[in-house]
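What follows is each chain in one-letter form.
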Amino acid sequence: MPPADWHELSDSMQIALSRQALERAAETLAAHAELLAREMEGGALLDQGGPDALRLFAAVVRATNASTYGVAGNA
């Protein structure tokens, strides 16, 4: 979708699409943190207490995402 088309969308559609993008980004960050934790546990990366910290980060991202964005259209 070209940028000009974005402005033709209704405000509620822009909000819904933006929220979905933020949710996907948050889940991607959390998934990458989980992957890094597994790599550390498997010995592929140097472990200096990182897996637990990464899992905590993943949990915080998911929890924050769930409570922050709520249902689309309530802006």
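Residues numbered from 1 in each chain as written. Predicted model: local features only at pLDDT ≥ 70, side-chain atom pairs only at ≥ 80, totals over all residues. Heavy atoms only, no water.

Participant: Describe in detail the overall build of the protein chain, supporting the description with residues and values.
Facilitator: Helices and strands together make up the secondary structure of the protein chain, namely 3 helices and 0 strands. Each helix (α) and strand (β) of the protein chain, taken in turn from the N terminus, gives the series α-α-α. Going through the 75 residues of the protein chain one by one, you find that 19% of them count as buried. By sequence separation, contacts in the protein chain at least 24 residues apart represent 54% of the contacts at least 6 residues apart. (Helix = DSSP H or I, 4+ residues; strand = E, 2+ residues; numbered from the N terminus. Buried < 20%, exposed > 50% of the residue type's maximum accessible area, 1.4 Å probe, protein only. Contact = heavy atoms within 4.5 Å.)

Participant: Describe the environment of Arg 24, and please don't skip the residues or the numbers.
Facilitator: With respect to the helices and strands, Arg 24 occurs in helix H2 (residues 11-41). Under the relative-accessibility criterion, Arg 24 is labelled exposed at 60%. As a C-alpha pair, Arg 24 and Asn 65 span 41 residues in sequence and 9.6 Å in three-dimensional space.

Participant: Could you give an account of the nonpolar core, with specific residues and numbers?
Facilitator: One broad rule of soluble globular proteins: the nonpolar side chains tend to lie buried together. Core analysis: the largest hydrophobic core is formed by 8 residues, namely Ala 26, Ala 30, Ala 33, Ala 37, Met 40, Leu 54, Ala 58 and Val 61. Among the elements of the structure, H2 and helix H3 (50-68) are those that each provide at least two residues to this core. For this core, the element with the most residues is H2, which contributes 5 residues. Contact partners of Ala 30, with chain neighbours within four places excluded, come to Ala 58, Val 61 and Arg 62. (Core = buried A, V, L, I, M, F, W, Y, C linked by side-chain atoms within 4.5 Å.)

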